[in-house]
Amino acid sequence: MKQAVMFGAGNIGRGFIGALLERSGWHVTFADVVEPLLNAINTDKHYTVHILDQVCDNWEIENISAVSSIGPDIVPAIASCDLVTTAVGPVVIPRIAKPIAEGIKARMAAGNKSIMNIVCCENGIRVTSKLKADVMALLNEAETAFADECIGFADCAVDRICPKPSYDNPLDAAVEQYMEWDVERSAWKGEPLEIMGMTYVDNLMACLERKLFTLNSGHAICAYLGALRGRETILESIQDPVVGDIVHAAMRESGEGLIKEFSFDPEAHHAYVERIFSRFHNPHLKDEVSRVGREPIRKLSPMDRLIKPLTTTYNYGLPVDHMIFGAAAALHFNCPEDSQSVEMNEKIQAEGVSAALAAYSGLQADHPLFGRILDVYRALAVAKR
């Protein structure tokens, strides 16, 4: 039986990637730092994935176990598995480089030359490649040669809304029916594997930016504007005519940038935008704006979901009037439970919003978009009083 190590036993790890692997006949070992969660997995050895959509369903997940990602059992688990996946968040990715490197060393010491692939299933651009650099930095010359021969590091694009669950069984997870898991064919080592929901693609950047410019961007704009309007969930936000109209228009604007960037078929991409927009209206997904909006500093960075679509579309000379609301509203995001939100608000209080925008977005003060974002920020400040 194929063995997978899934770093991250949260809702995405259990409800999306881990569940697809288990449903494909794999044994999934979850690796995490939350001891009560690990104990529950090893004790119950079962949870339910609740698929909440127009047609609802339940998946019973049973072929599972768990280890601490910072404990002694993680290295032998990696040393003997066929696939490593992650759903820990880009900020945590550098921290798992060491156990993965130690696992590769253990494989080499044991003479295990079977192929193992590593796929980071994160909301980010080429996160697996960044992890590879961190892992390789921990290997010597012989170990690097072994990894080059036997270990694949494949970037991917993932797309599935996995809201925070609230079930009697804390292991149960909630997901929407829609899903995409696109893995870069050229970076995959060895024969392709038949895994439910996984598709091998040649042009991964087109998949990554299509999702970033559409789902991630629209989701974030909806959350930040919804928070400003006092909405608690994405559903409440998107049903607010003010928010919904801006989000839809922004997604259409970023779509025009994508069509130019990747020569997408306009009709097909417009249909994709409408499909993504309709997902925000799923009445079963009580996705909190506080969850979607967390880590605003990361989401305001030059290559992420608010600034990259904005600058790309602007550079083609296309309208960005509605996309600007995303960055402007993100600068208003105030969630005391989120460390990045706290840090951002402290910087704005101490140095002003211009300094924060310059520090996080990479935009210079003389860039035409810089002043336009600040204008909308100020207008939103007036509107929320």
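Everything below is about the structure shown above.
Residues numbered from 1 in each chain as written. Predicted model: local features only at pLDDT ≥ 70, side-chain atom pairs only at ≥ 80, totals over all residues. Heavy atoms only, no water.

Caption draft 1: Representation of the overall build of the protein within the structure. When helices and strands are counted, the protein shows 17 helices and 12 strands. When the backbone C-alpha atoms are referred to their principal axes, the protein occupies close to 65 × 50 × 45 Å. The proportion of buried residues among the 385 residues of the protein is 56%. Of all intrachain contacts in the protein linking residues separated by at least 6 positions in sequence, the fraction that spans at least 24 positions is 73%. Carbon and sulfur atoms provide 51% of the accessible area of the protein, an area that totals close to 16100 Å². Within the protein, one finds 36 positive and 51 negative side-chain charges whose respective centroids are separated by 2 Å. (Helix = DSSP H or I, 4+ residues; strand = E, 2+ residues; numbered from the N terminus. Buried < 20%, exposed > 50% of the residue type's maximum accessible area, 1.4 Å probe, protein only. Contact = heavy atoms within 4.5 Å. Areas by Shrake-Rupley, 256 points an atom, 1.4 Å probe, with all protein chains shown as cover. Lys, Arg positive; Asp, Glu negative; His and termini not counted. Charge placed at Lys NZ, Arg CZ, Asp CG, Glu CD.)

Caption draft 2: Structural context of the sheet that holds strand S11 (residues 180-184). Strand order in the open sheet formed by three strands is S9-S11-S12, with mixed pairing between adjacent strands. Edge strands, defined here as strands with exactly one partner in the open sheet, are strand S9 (156-159) and strand S12 (198-201). Put simply, the sheet's adjacent strands are angled 20° from each other on average, direction ignored. Where S11 meets S12, four bridges bridge the pair, whose relative direction is parallel. If you follow Asp182 over to S12, its bridge partner there is Thr199. On the sheet, helix H1 (residues 11-23) packs against S9 and S11 and is oriented at approximately 75° with respect to S11. (Pairing = 2+ DSSP bridges. Axes fitted to C-alpha atoms, helices over the stretch in contact; angles between N-to-C directions.)

Caption draft 3: Layout of the sheet that holds strand S7 (residues 116-120). Here six strands make up an open sheet; going across it, the order is S5-S2-S1-S6-S7-S8 and the pairing parallel. Single-partner strands in this sheet number two, and they are strand S5 (64-68) and strand S8 (151-153). Sheet twist, expressed as the average angle between the axes of neighbouring strands with direction ignored, equals 20°. Where strand S1 (residues 3-7) and strand S2 (residues 27-32) come together, five bridges link them in parallel fashion. Residue pairing across strands places Phe7 opposite Ala31, the latter belonging to S2. Here helix H2 (residues 35-44) sits on the sheet and contacts S2 and S5; the angle it forms with S5, its principal contact strand, is near 150°. Here helix H5 (residues 127-136) sits on the sheet and contacts S7 and S8; the angle it forms with S7, its principal contact strand, is near 125°.

Caption draft 4: A look at helix H10 (residues 266-279). The end-to-end C-alpha separation of H10 is 20 Å, in line with the 20 Å expected for 14 residues at 1.5 Å each. Elements in contact with the buried residues of H10: S9, S11, helix H7 (204-228), helix H8 (234-239) and helix H9 (241-262). (Expected span 1.5 Å × (residues − 1).)

Caption draft 5: Spotlight on the environment of Thr48. For Thr48, the position within the fold is in strand S3 (residues 47-51). For the pair formed by Thr48 and Val247, sequence separation is 199 residues and the distance between their alpha carbons is 33 Å.

Caption draft 6: Main features of the pairing of S5. Here S5 lies mainly inside the structure; five of its five residues are buried. The side-chain alternation of S5 yields two buried faces, one formed by Ile64, Ala66 and Ser68 and the other by Ser65 and Val67. Across five bridges, S2 lies against S5 in parallel orientation. Along S5, the bridge assignment pairs Thr29 with Ser65.

Caption draft 7: Broad picture of the nonpolar core. Grouped together as the largest cluster of nonpolar side chains are 55 residues, with contacts concentrated most on Val247, Phe280, Leu300, Leu331, Met344 and Ile373. Ignoring anything within four residues of it in the chain, the contact list for Phe280 reads Ile161, Leu215, Gly218, His219, Ile234, Leu235, Ile238, Val247 and Met251. By size, the runner-up hydrophobic cluster in this structure holds 38 residues, among which are Ile17, Trp26, Val158 and Val183. (Core = buried A, V, L, I, M, F, W, Y, C linked by side-chain atoms within 4.5 Å.)

Caption draft 8: Spatial organisation of the side chain of Asn282. Mapping Asn282 onto the fold places it in the loop between H10 and helix H11 (289-293). Since its relative accessible area comes to 6%, Asn282 is described here as buried. A distance of 2.9 Å separates the side chain of Asn282 from the backbone nitrogen of His284, its partner in a polar contact. Those residues in contact with Asn282, other than ones at most four positions away along the chain, are Leu52, Asp53, Glu176 and Leu235. (Polar contact = N/O pair within 3.5 Å; in protein donor to acceptor, adjacent residues only side chain to side chain.)

Caption draft 9: Quick peek at the packing of H9 against H10. For the pair H9 and H10, interaxial distance at closest approach is 10 Å and the crossing angle is 150°. Put simply, H9 runs roughly antiparallel to H10. In this structure, the crossing between H9 and H10 has a hand that is right-handed. Two secondary-structure elements touch here, H9 through Gly244, Val247, His248, Met251, Arg252, Gly255, Glu256, Leu258 and Ile259 and H10 through Pro266, His269, His270, Val273, Glu274, Ile276 and Phe277. Split into classes, the residues belonging to the contact of H9 with H10 amount to eight nonpolar, five polar and three charged. (Parallel < 35°, antiparallel > 145°, perpendicular 65-115°, else oblique. Left-handed = near helix turned anticlockwise from the far one by under 90°. Nonpolar A, V, L, I, M, F, W, Y, C, P; charged D, E, K, R; others polar.)

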